Amino acid sequence: MTDPKRYLVTSALPYANGLKHVGHLAGAYIPADIYVRYLRAQKRDVVFVCGSDEHGTAIPIQATKEGTTPRAIIDKYHQAMKQDFEDLSMSFDIYHRTSEPIHHETAQEFFTYLNDRNELEIKESEQYYDEEAKTFLADRYIKGTCPNCGSDRAYGDQCENCGRTLSPDELINPVSTLSGKAPVKKRTSHWYLPLGKHEEFLREWILKEHKEDWRATVVGQCKSWIEGGLQSRAVTRDLDWGIKVPLKDAEGKVLYVWFDAPIGYVSATKQWAINNKKDWKPYWYDKDTKLVHFIGKDNIVFHCIIFPIMLKLHGNILPDNVPANEFLNLEGDKMSTSRNWKLDMRDYINDFVKKENGGGQCVDMLRYYLTQIAPETKDSEFTWKGFQDAVNSELVSIFGNFVNRTWVLMHKLCGGKVPILHTEILDENDKILNAEIEGSKAKVETLLEQYKFREALYEVIDLSRKGNQYMQKKEPWIAAKQLAANPDMQKNIDNTMHLCLQLTANLAILINPFLPNTAKSMLNMMKVVDKMLDWENAGKLKLLSIGYSLREPQLLFRKIEDAEITEQIEKLKAGLMKSEAGVQKPADEPPTSNLKSQIQYDDFAKLDLKVATITAAEKVPKADKLLKLEVDLGFEKRTIVSGIALHFKPEDIIGKQVVIVANLAPRKMKGIESNGMILMAEEKDGQLKFINPGEPTTNGSPVS
RNA sequence: CGCGAAGUAGAGCAGCGGUAGCUCGUUGGGCUCAUAACCCAAAGGUCGGGAGUUCGAUCCUCCCCUUCGCAACCA
């Protein structure tokens, strides 16, 4: 779409059941924020909406897990996510939530509109029903034996043991997790959106019209779904958490979360309009509105297939583009909430932004690195070393350093003021630099319009690199030494510094969408107002007036120290260990007879169990969980490293008698050799307790 | 299984018909205004494997191998 009248930009609504990590940030939020800031700098009419997605079965499940109510869960995570986005300089015009009445009304109106026009089908099916709880059971609420591996940890949607995808009907001996009783089959009816009816439209719209301008990964995914045959999808569920189906005979039914969530973009726009006394309708109905959804690749089907069908049936405009990103891996492995292998936005905020040497510059460092490695065409990888390299060698050494040396030299050689430009002696280098400055605007612009954020950012950094090259060729510090012999050299110095200063002003404009906090610091150094950042000023060479005095330099970025990244990597690994310990005993599991397979006496006899007394204990440095213990076996003392630091203080356990496995092969942990293992009982909440003889016993006594 | 995306220098990534580029890292040199920063240069790749189309293929076609995703939650 060329020259639209207005823009509506959305970022995927984050699901309110937990904190979000940097993968989310890189995928759907930072690119959208860059795009929006760029449009605003161009004085375009743009609204940027987002908000929390607060319905669906996972919310009540999370509530059970945390021992609280669904309402408390969504309030907690809505607040947390909103705060985190704010801390990372996301510039939403509104951060809404789907629990608001205006959203319920909007979603219900959507449903009614479609239903009244017979665009939905009603189908009857048999679903499991819990007679005691008087409710139909979501797949996730039914537990049973896996038909594949025989584990009793299989749910109606998937087996936790073998990972196989299941349907509730496949479970052997299904049990309701609500009442613990066997559920019965009961007939129920649901509304379905027949996607198949719209196949031709999708083929035309995506595979033909947008074949070229949408990302290959997006078109490819859509093609895969369309050709795979589009099934009707239920838009309602039997659940008591969500938006009530607005019909008399639909007691106990709510809209399926995937149906109401994208409508959240519409209700957020409405709320924004109310807050700002604007009309929301053109943003969703006028053909001259450019709608852009920023999402991750998992969301492609909703934003490219299902929601567009809903929008089309409802008479709304369709997205102009859906620049979905692939996934971001972390230190060689997929990010995963359940395995705790992730970097939460909040953790970064606490460890960097909120520190004394943090603040806006640390926000921009993360924004920089995540943009630089954004998974635009394929999965990419976040590594702490990569983060450090990007910050130290590009932000600090190239960009920050260019600005700094310009400022320092300007103060030393030009009296702290913008020097005159002597046009009569401009040389080849000056002219080339001018052309580079003028050319960058168009380059960055074109790339941003194509959603190539990584490349666009590269162009900006590259412009500062060209500034460094230019300065190196002109060597004003050498010219300064020749001043005594040749006072005319001042003219050379003036020209060089004048151009470097104008270049800095340009850099501020160009970097602003990506690193807004940095742009702000630069404005402060230049003593100019925000208006200078207007995009139309990019490429201009008269942004700073001659004779204007400028502030002292301030460093734009600090370096990331080795110790900081080492600490982060260790923290990540410690978190993984914690979660793996947790997986063995999920908190919500009732006591079960988790018996291991039978062994013979000989197997048991191989174990050498002995009574021992802990004589010394200390924390292992740089390890959250480990304690280094010394135990007395009577006949010898030995060192055992044990992963119990989260449960016991070293000073509290000295003198305790324990049972150890004395013939376990030695193993090095954190460089300390551990000779044996202390036996522990584990409560279902993960709490650990020592196994010891009921009364004091001689150290070294065998246990059998 | 099938479908989609991807496999390119030590690392992270571009490119996509005319025998390969960028950033970091490495090595050597220059400069010293600058956050031991900057600048220049060099080394380093049979572009996953095989076959085909073409005057010519990393880029097109086919086969194979590997990784990721595919309407549970999840960017």
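Preceding this paragraph is the structure being described.
Numbers given for residues are sequential positions, taken from 1 along each chain in its written order. To read the labels, note that chains go from A and ligands from 1, taken in the order they are written. Local features in a predicted model are, by the rule used here, given only for residues with pLDDT of at least 70; side-chain atom pairs are given and counted only at 80 or more, and totals for whole chains, interfaces and linings are based on all residues. To obtain the side-chain values, all non-hydrogen atoms of the structure were included, while hydrogens and water were left out.

### Digging into the overall build of chain A
Here is step 1: Secondary structure elements follow DSSP: runs of H or I of four or more residues count as helices, runs of E of two or more count as strands, with numbering from the N terminus. Broken down by element type, chain A carries 20 helices and 25 strands.
Here is step 2: Each residue is assigned to one of three classes by its accessible area relative to the maximum for its type, calculated with a 1.4 Å probe on protein chains only: buried under 20%, partly exposed between the two thresholds, exposed over 50%. For chain A, the residues scored as buried account for 52% of the 704 residues in total.
Here is step 3: If you take every contact in chain A between residues at least 6 apart in sequence, the share linking residues at least 24 apart comes to 73%.
Here is step 4: Each accessible area is a Shrake-Rupley estimate made with a 1.4 Å probe; only the visible protein chains count as cover when residues are assessed. As displayed, chain A has an accessible area near 32,400 Å², and 49% of this comes from carbon and sulfur atoms. Here, residues are in contact when the closest pair of their heavy atoms is within 4.5 Å.

### A short note on the sheet that holds strand S1 (residues 6–11)
Here is step 1: For two strands to be treated as a pair, DSSP must find no fewer than two bridges joining them. Strand order in the open sheet formed by four strands is S3-S2-S1-S13, with parallel pairing between adjacent strands. Since the sheet does not close on itself, it has two edges, and those belong to strand S3 (94–97) and strand S13 (289–294), each with one partner. Each adjacent strand pair in this sheet contributes to an overall mean axis angle of 25°, direction not counted.
Here is step 2: Of the strand pairs in this sheet, S1 and strand S2 (residues 46–52) are connected by four bridges, and their pairing is parallel. Considered in S2, the bridge of Val 9 is made with Phe 48. The axes used here are C-alpha line fits, helices contributing only the stretch in contact, and every angle between their N-to-C directions lies in the interval 0 to 180 degrees.

### Side note on the pairing of strand S19 (residues 657–661)
Here is step 1: With five of five residues buried, S19 lies mostly within the body of the structure.
Here is step 2: Alternating residues of S19 divide into Gln 657, Val 659 and Val 661 and Val 658 and Ile 660, and every residue in both groups is buried.
Here is step 3: Relative to strand S22 (residues 677–678), S19 is paired through two bridges, and the arrangement is antiparallel. Bridged to Ile 660 within S22 is Ile 678.

### Considerations on unusual backbone geometry
Here is step 1: Although it is not a glycine, Lys 43 sits at a positive phi angle of roughly 65°.
Here is step 2: Counting through the fold element by element, Lys 43 comes out in the loop between helix H1 (22–41) and S2.
Here is step 3: Looking at Lys 43, the relative accessible area reads 60%, which means it is exposed.
Here is step 4: At Tyr 451, a residue that is not glycine, the phi angle is positive and equals roughly 65°.
Here is step 5: Checked against the element boundaries, Tyr 451 lands in the loop between helix H13 (428–449) and helix H14 (453–474).

### With respect to the pairing of strand S9 (residues 184–193)
Here is step 1: Pairing between strand S4 (residues 121–130) and S9: nine bridges, direction antiparallel. Paired with Tyr 129 across the bridge in S9 is Val 184.
Here is step 2: Strand direction decides the pairing type here: S9 and strand S10 (residues 233–234), joined by two bridges, are antiparallel. Residue pairing across strands places Tyr 192 opposite Ala 234, the latter belonging to S10.

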